[in-house]
Amino acid sequence: GGVPSLAGFAVRRYWFDSKDLKNNEILLHGEVFHHVIVVCRQGVGSKFEMLTSGGKAYLVEVTKLKGKSAWARILQERAIAPLARPHIHLAVSIP
């Protein structure tokens, strides 16, 4: 499929480390917290996708903010198709 949407708006996506996934929640802290909560101004009730290197995307909703940490509850999980490997053609010329 294409880009997921909520009420017609494209969903923002952020990468996270799968070790921060526990009990159907994702802990946002450190650089991820700063980017998602401070830079992109997401807050309690915000919905967006979290991506992990395991080829999965999680639609989440921020449920709690405390200090420099946030918790996001997983609403939906989906598999992401792997990206195709790039093909590079290299030509070398010797004068």
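Residues numbered from 1 in each chain as written. Predicted model: local features only at pLDDT ≥ 70, side-chain atom pairs only at ≥ 80, totals over all residues. Heavy atoms only, no water.

**Student:** Help me out: how do you make sense of the pattern of salt bridges in this one?
**Tutor:** Working definition: two side chains of opposite charge can pair if their charged atoms are close together. One pass over the full model with this rule turns up five salt bridges. With its nearest N and O atoms 4.0 Å apart, the salt bridge here joins D20 to K19. The exposure class assigned to D20 is buried, which follows from its relative accessible area of 13%. One salt bridge in this structure joins E77 and K56, with 2.9 Å as the shortest N-O distance. One end of the pair, E77, is in strand β8 (residues 69-79); the other, K56, is in strand β7 (residues 56-66), with 21 residues separating them in the sequence. A relative accessible area of 45% means that E77 is categorised as partly exposed. What emerges from the salt-bridge pattern is a single network uniting R13, E49 and R78. (Salt bridge = Lys/Arg side-chain N within 4 Å of Asp/Glu carboxyl O. Buried < 20%, exposed > 50% of the residue type's maximum accessible area, 1.4 Å probe, protein only. Helix = DSSP H or I, 4+ residues; strand = E, 2+ residues; numbered from the N terminus.)

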